[in-house]
Amino acid sequence: MAGVVLRGSLVLALVLVAASCTRPATGEAVDPSNPPASPSESEPELSGTPGPRGIEKIEHMIFVVQENRSFDHYFGTFPGAEGIPMRDGQPSVCVPDPKVGECVRPYHDRTLIQNGGPHAHPDSVADVNGGRMDGFVVNLGGTNCTATPAAAECVDDVGPQGQPDVMGYHTAREIPNYWTYARNFVLQDHMFAPADSWTLPAHLYLVSGWSATCSDPYDPMSCRSDLDVTWAVDTQRHGRHPPVYAWTDITYLLTKAGVSWKYYVGDGTCMEFPCETRKEGSPPGQNPLPGFTTVHEQHTMRRVQEHTDYFRDAGSGRLPAVSWVIPGRGISEHPGNGDPLSTGMAHVTRVVNAAMEGPDWLSTAIFVTWDDWGGFYDHVPPPRVDDLGYGIRVPGLLISPWARSGLIDHQVLSFDAYLKLIEDLYLDGQRLDPKTDGRPDPRPTVREEVKILGDLRPLFDFEQEPLPPLILPLHPEPGPASEPGG
């Protein structure tokens with residue numbers, strides 16, 4: 001495989017980190033001032049140790065990124081995961097609701113359409129509330145349904161105590177395919193959004209390990225950290241001065257090393273600016289690569305392609321080494337837009353099925369995650385690694401023939417772990433490090449080197465019989481109706 005170089009010093013010893021992946025969930029929250037130790041803190045120095053044989057079998061990595069769901073919202077009652085604290089089968093945590101004058105508890109939301117809550121940086125700060133994780137309802141500022149929960153039009157938008165749907169959680173009944181993937185492959189219950197903010201900063205971290213504003217799009221040293229970057233979407237939408245992101249992204253290193261990559265967006269996504277009249281495809285906040293100076297300088301815009309291209313490539317055995325699959329409008333699971341989350345699950349299932357049915361399945365690892373919490377309740381305070389993150393916990397899945405089936409991974413992770421894996425497998429361990437990547441920028445943190453960040457490689461078992469494809473229906477029957485806290 002072109003551009004792929006492996007070094008024994010870069011492959012983590014599976015036996016030394018297995019404990020962090022298999023320890024039972026305790027139900028205790030993470031102290032943001034004292035986050036749990038990762039293998040890099042609690043284990044001896046591993047440089048030079050041999051890793052799991054067969055890691056080179058992973059020739060295709062696919063990162064599927066949906067929108068705006070917290071871990072507790074989707075997997076808060078998944079057996080063995082660190083989910084919603086329970087007592088006698090009922091949620092024991094309580095969040096203040098000034099509208100009803102008391103605290104309210106998480107509840108089983110059996111509906112498929114949610115409103116969610118605000119999810120910019122100030123909202124994350126308010127929801128976390130200094131680590132108390134109790135600002136989710138207060139931060140809403142009230143809605144018609146929290147004021148009048150008994151109204152007929154509110155029946156699907158509130159819980160039994162009149163609590164808003166940010167306190168709702170789902171089970172296998174509503175999202176059976178996601179729970180099936182978790183049972184049969186790997187579920188990650190400490191995946192934190194990389195940025196303490198909304199969709200665009202998360203997607204910037206996904207491809208570059210930073211979110212910033214640059215005064216000169218051709219000078220990486222002109223960039224400064226920015227958790228909001230609300231200006232950037234408007235700039236892309238109206239076509240003013242692209243590119244806008246001057247710092248170094250992972251596609252620069254991949255292209256330089258001759259490693260193939262593609263970024264697949266929704267069919268109909270605007271690729272030529274201005275884009276203000278386009279209503280289909282993926283919005284600019286999920287499609288930042290056209291704004292990166294490196295993409296223009298390396299003439300790689302053609303590698304930003306559409307879902308139709310992904311399904312063609314998956315079916316014909318032409319998947320690149322690294323793929324990102326970003327949803328289009330209507331299938332992103334973004335709350336508040338009137339679309340049922342089942343359409344997003346069907347999209348993800350179709351993406352996974354295509355990889356499983358194609359000729360590349362035995363050399364593929366698929367990672368599924370969500371870009372931010374969407375305002376939904378989660379009980380685990382995010383650790384702080386710098387001024388920009390981490391954000392509130394989101395679900396994470398690994399689907400691969402070499403995944404350790406049924407594993408719940410408790411390592412502290414973020415999208416930075418994806419970059420770390422790409423770099424270790426395909427770039428000889430080269431980081432997005434301004435001191436060594438040949439394109440200096442002033443990023444405050446080399447996120448892949450943060451000590452608490454876990455390692456994705458121990459989630460594979462290359463000595464097992466490869467797991468067969470698990471082809472799921474796009475529109476499955478609901479899962480079991482009886483769940484804890486339901």
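Description of the structure in this document. All of these numbers come straight from a predicted model, not from anything done at the bench.

Brief notes about the overall build of the protein chain
Here's step 1: In terms of regular secondary structure, the protein chain is built from 13 helices and 16 strands.
Here's step 2: Residue burial in the protein chain is summarised as follows: out of 486 residues, 61% are buried.
Here's step 3: Once local pairs closer than 6 in sequence are excluded, the contacts in the protein chain between residues at least 24 apart make up 83%.
Here's step 4: Accessible surface, the protein chain as shown: approximately 17,400 Å² in total, 52% of it carbon and sulfur.

Description of the sheet that holds strand β15 (residues 393–399)
Here's step 1: Spatial ordering of the open sheet is given by β12-β11-β13-β1-β14-β15-β8-β16, a layout of eight strands whose pairing is mixed. Of all strands in the sheet, those bounded by a partner on one side alone are β12 (304–306) and β16 (407–409). Taking each pair of neighbouring strands and ignoring which way they run, the sheet shows an average axis angle of 20°.
Here's step 2: Running over the sheet, helix α9 (residues 250–257) touches β11 (261–265) and β13 (322–325) and is turned about 145° from β13.
Here's step 3: Here helix α12 (residues 341–357) sits on the sheet in contact with β1 (60–66), β13, β14 (364–370) and β15, set at roughly 175° to β1.

Describing the packing of helix α11 (residues 307–316) against α12
Here's step 1: Across the interface, α11 lies against α12 with an axial gap of 8 Å and an inter-helix angle of 30°. Overall, the two elements α11 and α12 adopt an arrangement that is roughly parallel. For the pair α11 and α12, the crossing hand works out as left-handed. Mapping the contact onto sequence places H307, Y310, F311 and A314 in α11 and H347, R350, V351, A354 and A355 in α12.
Here's step 2: When the residues that make up the contact of α11 with α12 are grouped by side-chain class, the tally is six nonpolar, two polar and one charged.

A short note on the nonpolar core
Here's step 1: One finds F75, Y178, Y310, W324 and F367 to be the most contacted residues of the largest nonpolar core, which totals 112 residues.
Here's step 2: Residues within four places of F367 in sequence aside, it is in contact with M61, I62, F63, V64, L397, L398, Y418, L421, L456 and F460.

A few points about helix α6 (residues 176–184)
Here's step 1: The set of residues buried in α6 consists of P176, N177, Y178, W179, Y181 and A182.
Here's step 2: The inward-facing, buried residues of α6 abut β1, α3 (71–75), β8 (186–192), α12, β14 and β15.

Regarding the packing of aromatic side chains
Here's step 1: In this structure the tally under the stated criterion is 24 aromatic pairs.
Here's step 2: Pairing F63 with F367 gives two aromatic rings, centres 5.3 Å apart and planes at 15°, and the pair type is stacked. With a gap of 304 residues between them, F63 in strand β1 and F367 in strand β14 connect regions that are remote in the sequence. By the burial criterion, F63 is buried, and F367 matches it.
Here's step 3: Between W402 and F462, the aromatic rings sit 5.9 Å apart at their centres with planes inclined by 40°, giving tilted as the arrangement. Of this pair, W402 sits in the loop between β15 and β16 while F462 is found in the segment after α13 (415–426), placing the two residues 60 residues apart along the sequence.
Here's step 4: The residue whose ring lies beneath R350 is F311, and the NZ or CZ to ring-centre distance is 3.8 Å.
Here's step 5: Directly above the aromatic system of Y252 lies the positively charged group of R439, at a separation of 5.7 Å from the ring centroid.

Some details on the state of the cysteines
Here's step 1: For the coordinates displayed, the defined rule picks out two disulfides.
Here's step 2: One disulfide bridge connects C94 with C103, the sulfur atoms lying 1.8 Å from each other. In this structure, the disulfide formed by C94 and C103 twists by about 95° around the S-S bond and is classed as right-handed.
Here's step 3: Note on C94: relative accessible area 25%, which makes it partly exposed.
Here's step 4: Given a relative accessible area of 33%, C103 falls into the partly exposed group.

Analysis parameters
One numbering rule holds for all chains: residues counted from 1, following each sequence as written. Two thresholds apply to this predicted model, a pLDDT of at least 70 for residue-level local features and 80 or more for giving and counting side-chain atom pairs, whereas whole-chain, interface and lining totals are computed over all residues. Just so you know, side-chain values use all the structure's heavy atoms and leave hydrogens and water out. Numbering of helices and strands runs from the N terminus; a helix is a DSSP stretch of H or I covering at least four residues, while a strand is a stretch of E covering at least two. Throughout, exposure labels follow a simple rule: accessible area from a 1.4 Å probe, protein chains only, divided by the maximum for the residue type, with under 20% read as buried, over 50% as exposed, and the rest as partly exposed. The contact definition used throughout considers only heavy atoms, calling two residues in contact when any of these lie within 4.5 Å. The protein chains shown are the only cover counted for residues, whose accessible areas, like all others here, come from Shrake-Rupley with a 1.4 Å probe. Here the rule is simple: two strands pair whenever DSSP picks up at least two bridges between them. Axis definition: a line fit to C-alpha positions, over the contact stretch in the case of helices; interaxial angles, taken between N-to-C directions, run 0 to 180 degrees. Roughly parallel covers angles under 35 degrees, roughly antiparallel covers those over 145, roughly perpendicular covers 65 to 115, and oblique covers all other angles. In a left-handed crossing the near helix is turned counterclockwise from the far helix by less than a right angle, and in a right-handed crossing that turn is clockwise. Think of it as three bins: nonpolar holds Ala, Val, Leu, Ile, Met, Phe, Trp, Tyr, Cys and Pro, charged holds Asp, Glu, Lys and Arg, and polar takes everything else, Gly as well. The term nonpolar core refers to a set of buried residues drawn from Ala, Val, Leu, Ile, Met, Phe, Trp, Tyr and Cys, joined through side-chain atoms within 4.5 Å. Pairs were defined over the aromatic rings of Phe, Tyr and Trp, the Trp ring being its six-membered one, requiring ring centres within 6.5 Å. Orientation was assigned from the angle between planes: stacked under 30 degrees, edge-to-face over 60, tilted for the rest. In this analysis the charged atom, NZ for Lys or CZ for Arg, is taken to sit over a ring once it is within 6 Å of the ring centre and within 35 degrees of the ring normal. When two cysteine sulfur atoms lie within 2.5 Å, the pair is treated as a disulfide.

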